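Structure assessment
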Protein chains: 2
Amino acid sequence: MSTANPAATAGSRRMPEKRQAIARAASTVFGREGYTRASVDAIATEAGVSKRTIYNHFGDKEKLFLSVALETAGELTEIIAGLADRHLHKIVDLEADLTAFAVDRAKAVLSVGEHYALGRTIRAEAGNIPPDVLAAWLAAGPLASHRDLADHLARLAAQGLLTVDDPDLAATHFTLLTFSGAADQSFYGAVPISDTALRTTVTTGVQAFLRLHPRP
Amino acid sequence: MSTANPAATAGSRRMPEKRQAIARAASTVFGREGYTRASVDAIATEAGVSKRTIYNHFGDKEKLFLSVALETAGELTEIIAGLADRHLHKIVDLEADLTAFAVDRAKAVLSVGEHYALGRTIRAEAGNIPPDVLAAWLAAGPLASHRDLADHLARLAAQGLLTVDDPDLAATHFTLLTFSGAADQSFYGAVPISDTALRTTVTTGVQAFLRLHPRP
DNA sequence: GTCTATAGAACGATAGAC
DNA sequence: GTCTATCGTTCTATAGAC
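None of the values given here were measured: they were computed from a predicted structure. (Residues numbered from 1 in each chain as written. Chains lettered and ligands numbered in written order. Predicted model: local features only at pLDDT ≥ 70, side-chain atom pairs only at ≥ 80, totals over all residues. Heavy atoms only, no water.)

Re the relation of the copies chain A and chain B
Overlay of chain A on chain B (RMSD 0.1 Å): rotation 180°, translation along the axis 0.0 Å. Taken together, the rotation and translation relating the two chain copies correspond to the operation of a two-fold axis. Closest approach to the rotation axis among the C-alpha atoms of chain A is made by Ala-124 of chain A, whose C-alpha sits 2.6 Å away. The share of interface residues of chain A whose copies in chain B are also at the interface is 100%, consistent with both copies meeting through the same surface. (Least-squares fit on C-alpha atoms with pLDDT ≥ 70 in both. Contact = heavy atoms within 4.5 Å.)

What follows is the structure, encoded as structure tokens:
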């Protein structure tokens, strides 16, 4: 039998595929059910492994959650960075491009049931997460995306497309006006938000942002 | 023995004080622990009643939670309406008054451990709350406060203090710029936010709001 | 005497851990 | 697969109010 068949390597020393399957399953189930409601049984079933395998890889439920939280935060940050690059690198129509970015970002973060959608669970559990882990999650996730956005806005300002005194503040304004409202409406993805509602919220948000930071 | 002693009336027909004690305790414990972590035992202990009494009054844990959620939403709405009236009824210094209102409102909503601070628990459980109950909570809480704020802003605009085309949109801007950031930073009250951090966030938010809706 | 409320034990199911 | 703890819920017995 060839080692190219993953099933044939079931007893091998390292099992990164199983670990990854568990991580994806955990992300999905934690994101869908929340921390306390998500049972290790359900995660094991979703991952197609036994509970014992989960405990061997991650120790206990809390460590599993925290590990997966940090990993998916980094993945989502990269996804958002890709969206920003796609929509904001070369500006064609400023308002349209900002809107397209904001819509795609909101969809990425607020998507329900996706494997990187446990942001709402992390927020719901913030009070029970060790402060250093919470800080690490913030740094790998929301803060990293915030910095990336601030850099883009500063660059657009340097190109004469926006007025930006403080890129950090501008990024805050952009996120508040084009994302926070949608996040609040959808309870961070727990309740679906219609495409048209999202688009309306984002569009008016971008308009307000552009009034705060107009082309000079 | 006198009936003025509450303990002496233990077997009386109606016991609104006990019901209220349970409601307050439930609000506190649900707000502090979240829905699934809060045990009926803990609520009973906090309220100083037996578990059975809770079931007699509220049926089951879920009904208890939903009842208390709706009741406290209304209470918080009234508190915020009072704050708005106090700070916005007679304007002395527009920016200072708006800032004071926003600071007090954020403190009221994000106060940790207070008996009306289970907003974050409701948001965390939004996906598990029956849609009609969630809608009722929104109507009694956030939406009612939103409308009240919109009315105040419209009135200030009529007095020539602000430019407001759409009071609804203006209220949205105000909340996003002066509240949502603080709520996000503190994870809706799960993690304490320092007074200076709150004040800074709110102050810059009010400034942005006034740039969007300047005195004509 | 009957009714209601209470306290506390007990039950059954679930879920984390090994 | 098993063990054990926890938790939501129910049952039983006691006591005061009308």
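Here the narrative resumes, following the displayed structure.
Some thoughts on the UniProt feature "domain: HTH tetR-type" (unreviewed entry) in chain A
According to UniProt, the positions carrying the feature "domain: HTH tetR-type" (unreviewed entry) are residues 16–76 of chain A. The straight-line gap between the two end C-alpha atoms of residues 16–76 of chain A is 21 Å; of that span, 82% is helix and 0% is strand. (UniProt positions renumbered as here; feature names shortened; annotations may be inferred. Helix = DSSP H or I, 4+ residues; strand = E, 2+ residues; numbered from the N terminus.)

Brief notes about the interface of chain A and chain B
At the junction of the two partners, chain A supplies 26 residues and chain B supplies 26 residues. Of all residues in chain A, the largest losses of buried area upon contact with chain B belong to Arg-37, Phe-187 and Leu-212 of chain A, amounting jointly to 27% of the total for that side. Our count for the chain A to chain B interface comes out at four salt bridges. Asp-184 of chain B is the partner of Arg-123 of chain A in a salt bridge, and the nearest nitrogen-oxygen pair spans 3.5 Å. Inspection of the region where chain A meets chain B yields 11 residue pairs in polar contact (both at pLDDT 80 or more). Elements that contribute at least two residues to the side of chain A that touches chain B include exactly α6 (119–124), α7 (131–140), α9 (167–185) and α10 (195–212) of chain A. (Buried area = accessible area lost by both parts, 1.4 Å probe. Salt bridge = Lys/Arg side-chain N within 4 Å of Asp/Glu carboxyl O. Polar contact = N/O pair within 3.5 Å; in protein donor to acceptor, adjacent residues only side chain to side chain.)

Examining the side chain of His-213 of chain A
Within the secondary structure, His-213 of chain A sits in the segment after α10. Those residues in contact with His-213 of chain A, other than ones at most four positions away along the chain, are Leu-162, Thr-163, Val-164, Ala-170 and His-173 of chain A.

Some remarks on the pattern of salt bridges
Residue and element names in this part refer to chain A. In the structure shown here, the tally under the stated rule is 16 salt bridges over all chains. Taking the shortest distance from any N to any O, the salt bridge between Glu-71 and Arg-19 comes out at 2.9 Å. Of this pair, Glu-71 sits in helix α4 (residues 61–88) while Arg-19 sits in helix α1 (residues 16–33), and the two are 52 residues apart along the sequence. On the basis of relative accessible area, Arg-19 is assigned to the partly exposed category, the value being 30%. (Buried < 20%, exposed > 50% of the residue type's maximum accessible area, 1.4 Å probe, protein only.)

Considerations on the UniProt feature "DNA-binding region" (unreviewed entry) in chain A
Per the UniProt record, "DNA-binding region" (unreviewed entry) is found at residues 39–58 of chain A. Regarding residues 39–58 of chain A, the helix share stands at 80% and the strand share at 0%, and the terminal C-alpha atoms are separated by 15 Å.

A short note on unusual backbone geometry
Positioned with a positive phi, Tyr-188 of chain A is a non-glycine residue whose angle comes to about 55°. Residue placement: Tyr-188 of chain A occurs in the loop between α9 and α10. Located in the positive-phi region is Phe-187 of chain B, a residue other than glycine, with phi close to 50°. Mapping Phe-187 of chain B onto the fold places it in the loop between α9 (167–185) and α10 (195–212).

Points about the packing of aromatic side chains
Summed over the entire model, instances satisfying the criterion amount to 12 aromatic pairs over all chains. Where Phe-30 of chain A meets Tyr-35 of chain A, the ring centres are 5.7 Å apart and the plane angle is 15°; that geometry is what we call stacked. Exposure class is identical for Phe-30 of chain A and Tyr-35 of chain A. Each is buried. Relative to Phe-174 of chain B, the ring of Phe-101 of chain B has its centre 6.1 Å away and its plane inclined at 25°; by these criteria the two rings are stacked. (Phe/Tyr/Trp six-rings, centres within 6.5 Å; stacked < 30°, edge-to-face > 60°.)

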